[in-house]
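Remarks on the overall topology
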Amino acid sequence: MSQPLYRRILLKLSGEALIGDASYGIDPALLGRLADDVAESVKQGLQIALVIGGGNLFRGAALAAEGMDRVTADHMGMLATVMNALAMQDALERRSVPTRVMSALEIDQVCEGYIRRRALRHLDKGRVTLFAAGTGNPFFTTDSAASLRAVEIGADLLIKATKVDGVFSDDPMTHPDARFYKRLTYDQALAERLQVMDTTAIVLCRDNRIPLRIMNIYEAGALARVAAGEDIGSLVVTGHEQ
């Protein structure tokens, strides 16, 4: 394996990515495979932080649309991300990878509270650091949380792992003729309303010049290959880097 091109990466996983072939919850086999990929990258000297969504367990926006108080629904969604982070922590520690979960909500009996300086120390010591509970605020997505944490920890790259191979002009599952974007700018993503991340997340990355790579989470070993510089999926950059 080549030496990592990047020093520090933040990996954003959707909660749905943990479902695998099931319809709900966490697929243990898939969780283990993802943990293997992270463990291999850590072994290569990469510092890795993760943000995992909670959509496999609870979708606050969906219940809010049905009449539940939005703030309450979003807080429930944040708790779902904590559950996913704890599951990933367990999988990584069973592979002898030191791991810490840091929550934007105070849950001291379960995990650490998020403190930026402490997070940086964990990363410098080679511990995989999972940022849970989003930003700790309702009305913000885990995409926004991932972008915010990437900025705060000085990540060299933000990776959003999805079920498709990158950025497309439309859903490739239902539109086989959708255009694939190998490389694009944040302004282009905003102007063309491409489903890359939500607007807040895109603007945060753009204004702080953090490159974003969209890739398929189901491709085993892809994380380490990206870290080594392989051009996998789609890369979103600022106009200055085109």
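Everything numeric in this text was worked out from a predicted model, so none of it was measured.

Turning our eyes to something else, we now look at the pairing of strand 3 (residues 99-103). With four of five residues buried, strand 3 lies mostly within the body of the structure. Two elements, strand 3 and strand 5 (residues 128-132), share five bridges in a ladder whose sense is parallel. Within the sheet, the bridge partner assigned to Arg100 lies in strand 5 and is Thr129. Two elements, strand 3 and strand 4 (residues 112-113), share two bridges in a ladder whose sense is parallel. What sits directly across from Met102, in strand 4, is Glu112.

Taken together, the nine strands give an open sheet; going across it, the order is 4-3-5-2-1-6-10-11-9, and neighbouring strands pair in mixed fashion. Looking along the sheet, the strands with just one partner apiece sit at the ends: strand 4 and strand 9 (183-185). In the sheet, strand 1 (residues 8-13) pairs with strand 2 (residues 47-52) via six bridges, with the strands oriented parallel. Among the inter-strand pairings, Leu13 is bridged to a residue of strand 2, identified as Ile52. Sitting on the sheet, helix 5 (residues 142-153) touches strand 1, strand 2, strand 5 and strand 6 (157-162), and the angle it makes with strand 1 is about 170°.

With that settled, consider a nonpolar patch on the surface. There is a patch of nonpolar side chains on the surface, built from Leu63, Met68 and Met76 and spanning about 210 Å² of accessible area. Take Leu63: its relative accessible area is 33%, and that puts it in the partly exposed class.

Another point: the pairing of strand 1. Consecutive residues of a regular strand have side chains that alternate between opposite faces of the sheet. Burial runs high along strand 1: six of the six residues are buried. Alternating positions in strand 1 separate into two faces, Arg8, Leu10 and Lys12 on one and Ile9, Leu11 and Leu13 on the other, with burial throughout. Each parallel crossover has a hand, and for strand 1 linked through helix 1 (residues 28-43) to strand 2 it is right-handed. Where strand 1 meets strand 6, five bridges bridge the pair, whose relative direction is parallel. Across the sheet, the residue bridging to Lys12 is Lys160, located in strand 6.

Attention shifts here to helix 1. With 16 residues, helix 1 extends 22 Å from end C-alpha to end C-alpha; this agrees with the ideal 22 Å at 1.5 Å per step. Leu30, Leu31, Gly32, Arg33, Leu34, Ala35, Asp37, Val38, Ala39, Ser41 and Val42 are the residues of helix 1 that are buried. One side-chain oxygen of the residue at the start of helix 1 lies 3.0 Å from the amide nitrogen of Ala29, identifying that residue as Asp27. Looking at the residues trailing helix 1, positive phi occurs at Gly45, about 100°.

Let us look at unusual backbone geometry. Located in the positive-phi region is Ala133, a residue other than glycine, with phi close to 70°. Take Ala133: it is sitting in the loop between strand 5 and helix 5. The buried category is assigned to Ala133, whose relative accessible area is 0%. Phi at Arg209 takes a positive value of approximately 55°, unusual for a residue other than glycine. Position of Arg209 relative to the elements: it lies in the loop between helix 7 (199-207) and strand 10 (212-216).

Moving on: the pattern of salt bridges. One pass over the full model with this rule turns up 17 salt bridges. Two residues, Asp36 and Arg95, come together in a salt bridge whose shortest N-O distance is 2.5 Å. Of this pair, Asp36 sits in helix 1 while Arg95 sits in the loop between helix 3 (70-93) and strand 3, and the two are 59 residues apart along the sequence. Residue classification places Arg95 among the partly exposed positions, given a relative accessible area of 28%.

On to the packing of helix 5 against helix 7. The description of two packed helices rests on the angle between their axes and on the distance between the axes. At a minimum axis distance of 7 Å, the contact between helix 5 and helix 7 shows a crossing angle of 15°. The orientation of helix 5 relative to helix 7 falls into the category roughly parallel. Both helix 5 and helix 7 take part in a crossing whose hand is left-handed. In this structure, helix 5 contributes Asp143, Ser144, Ser147, Leu148 and Val151 to the contact, and helix 7 contributes Thr200, Ala201, Leu204 and Cys205.

Cut-offs applied
- Residues numbered from 1 in each chain as written.
- Predicted model: local features only at pLDDT ≥ 70, side-chain atom pairs only at ≥ 80, totals over all residues.
- Heavy atoms only, no water.
- Buried < 20%, exposed > 50% of the residue type's maximum accessible area, 1.4 Å probe, protein only.
- Helix = DSSP H or I, 4+ residues; strand = E, 2+ residues; numbered from the N terminus.
- Pairing = 2+ DSSP bridges.
- Contact = heavy atoms within 4.5 Å.
- Axes fitted to C-alpha atoms, helices over the stretch in contact; angles between N-to-C directions.
- Patch = residues over 30% accessible without salt bridge, like charges linked within 9 Å, V, L, I, M, F, W, Y side chains within 5 Å.
- Areas by Shrake-Rupley, 256 points an atom, 1.4 Å probe, with all protein chains shown as cover.
- Salt bridge = Lys/Arg side-chain N within 4 Å of Asp/Glu carboxyl O.
- Right-handed = clockwise from strand over helix to strand, strands pointing away.
- Expected span 1.5 Å × (residues − 1).
- Polar contact = N/O pair within 3.5 Å; in protein donor to acceptor, adjacent residues only side chain to side chain.
- Parallel < 35°, antiparallel > 145°, perpendicular 65-115°, else oblique.
- Left-handed = near helix turned anticlockwise from the far one by under 90°.

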